[in-house]
Amino acid sequence: MPTSGPPSRLAVLVSGSGSNLQALLDATAADPGFGGEVVVVGTDREDAGGLARARDAGVATVVQPFTDHAERSDFERALLADLAPFEPDAVVLAGFMRILSSTFLSAWPDRVLNTHPSLLPAFRGAHAVREALDHGVKVTGCTVHLVDEQVDHGPIVAQEPVPVRDDDTVTSLHRRIQTVEHRLLPTCVAALCQGRLHLDGRHVRLTPPG
Ligand code: GAR
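Read on for an overview of the structure. On a predicted model such as this, the values are computed, not experimentally measured, just so you know.

Considering the pattern of salt bridges
- For the coordinates displayed, the defined rule picks out 5 salt bridges.
- For D47, the salt bridge identified is with R45, shortest N-O distance 2.9 Å.
- Accessibility expressed as a relative area gives 54% for D47, which makes it exposed.
- Linking D168 and R176 is a salt bridge whose minimum nitrogen-to-oxygen distance equals 2.7 Å.

Below, the structure written as structure tokens:
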């Protein structure tokens, strides 16, 4: 599916409230030079709040419940088929809580971005904020990375720290991390769409705009 130049047609996958999707929709709408637009929003959950955000923005949606499939590969093939008519040339995981294998990822080599609520490689997985809090770290944060076949492992595009407060709960800490994600994720997606993201092994270099 990827074309020869930088990507411009984004599929965004969500499982939850979609606040990062919203940040991306807002960023693409606000900046004529962004270089990409969200052409479809996909989800594994019929009750994902992100669906309403997509519809409000006039963006097409596809719903592929994970539980409809006996095997992960069947789910991934069905999701690929749903997305294909929209011809996305990059994919953004914005709170998508399913692991994706090469069945899906091989359609967009080095063009699947994920945002994760920790400073990777610490606290991979679905409970990163709770685990950081339980561990007693003083600083956590968020990471935007390219997705490979290992969970929360691919080349790191950008990270930002978020200090942990003594009275933090999972909710309060996650909210502050999300505030940072809402800026960091669109910045990284814009860099990808503007051809400013350069990959050398595990190392990502972002060149400045213009
Ligand atoms: C975000 O904080 C994102 O980093 C996290 O889910 C949240 C989704 O929020 N993703 C993961 O934990 C993936 N391992 P949102 O639905 O409001 O964008």
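Moving on, there is more to tell.
A few points about the site of the ligand
- Every one of the 14 residues lining the ligand counts as a neighbour, but S17, G18, S19, H174 and E181 are closest to it.
- Backbone polar atom of N20 to an oxygen atom of the ligand: 2.9 Å apart, as the coordinates give it.
- T115 places a polar main-chain atom, nitrogen or oxygen, 3.3 Å from an oxygen atom of the ligand.
- Within the complex, the protein chains bury 92% of what would otherwise be the 440 Å² of accessible surface of the ligand.
- The pocket occupied by the ligand, as judged from atoms lying within 2 Å of grid points, is the largest pocket.
- When contributions to the shell around the ligand are tallied by element, the ones reaching two or more residues are α1 (19-30), β5 (112-116) and α6 (170-193).
- In terms of residue count, the dominant contributor to the shell around the ligand is α6 (3 residues).
- Partitioning the shell around the ligand into residue classes produces 2 nonpolar, 11 polar and 1 charged.

Remarks on the environment of R98
- Structurally, the position occupied by R98 is in the loop between β4 (90-93) and α4 (102-105).
- For the pair R98 and T43, spaced 55 residues apart in the sequence, the C-alpha separation amounts to 9.7 Å.
- Once residues within four sequence positions are removed from consideration, R98 is found in contact with D44, F66 and F75.
- Of note is the side chain of R98, whose polar atom sits 2.9 Å from the side chain of D44.

Some points on helix α5 (residues 128-135)
- Along α5, the residues classified as buried are A128, V129 and A132. Each buried residue of α5 sits inside an arc of 100° when the element is viewed along its axis, so together they form one side.
- Summarising the contacts, the buried residues of α5 are in contact with β5, β6 (139-146) and α6.
- One or two residues past the end of α5 sits G136, with phi positive at roughly 85°.

Quick look at the pairing of β4
- In β4, alternate side chains face the same way, and those of A90 and V92 on one face and V91 and L93 on the other are all buried.
- The sheet contact formed by strand β1 (residues 9-14) and β4 spans 4 bridges and is parallel. Of the residues in β4, the one forming a bridge with V12 is V92.
- The sheet contact formed by β4 and β5 spans 3 bridges and is parallel. Along β5, the bridge assignment pairs V91 with V112.

Focus: unusual backbone geometry
- Cis geometry is adopted by the peptide bond preceding P121, which originates at L120 and carries an omega value of 15°.
- The residue P121 is located in the loop between β5 and α5 in this model.
- Of note in the backbone geometry, E87 takes a positive phi value of approximately 50° without being a glycine.
- Along the polypeptide, E87 turns up in the loop between α3 (72-83) and β4.
- By relative accessible area, which is 55% here, E87 ends up exposed.
- Despite not being glycine, F123 has its phi angle at roughly 60°, a positive value.
- For F123, the position within the fold is in the loop between β5 and α5.
- Judged by relative accessible area, which is 18%, F123 ranks as buried.

Definitions and limits used
Residues numbered from 1 in each chain as written. Predicted model: local features only at pLDDT ≥ 70, side-chain atom pairs only at ≥ 80, totals over all residues. Heavy atoms only, no water. Salt bridge = Lys/Arg side-chain N within 4 Å of Asp/Glu carboxyl O. Buried < 20%, exposed > 50% of the residue type's maximum accessible area, 1.4 Å probe, protein only. Near = heavy atom within 4 Å. Polar contact = N/O pair within 3.5 Å; in protein donor to acceptor, adjacent residues only side chain to side chain. Areas by Shrake-Rupley, 256 points an atom, 1.4 Å probe, with all protein chains shown as cover. 1 Å grid on protein atoms, 1.4 Å probe; cavity = no way out; pocket = protein on both sides within 12 Å on 5 of 7 lines; lining within 4 Å. Sits in = over half its atoms within 2 Å of the grid points. Helix = DSSP H or I, 4+ residues; strand = E, 2+ residues; numbered from the N terminus. Nonpolar A, V, L, I, M, F, W, Y, C, P; charged D, E, K, R; others polar. Contact = heavy atoms within 4.5 Å. Arc of directions from axis to C-beta. Pairing = 2+ DSSP bridges.

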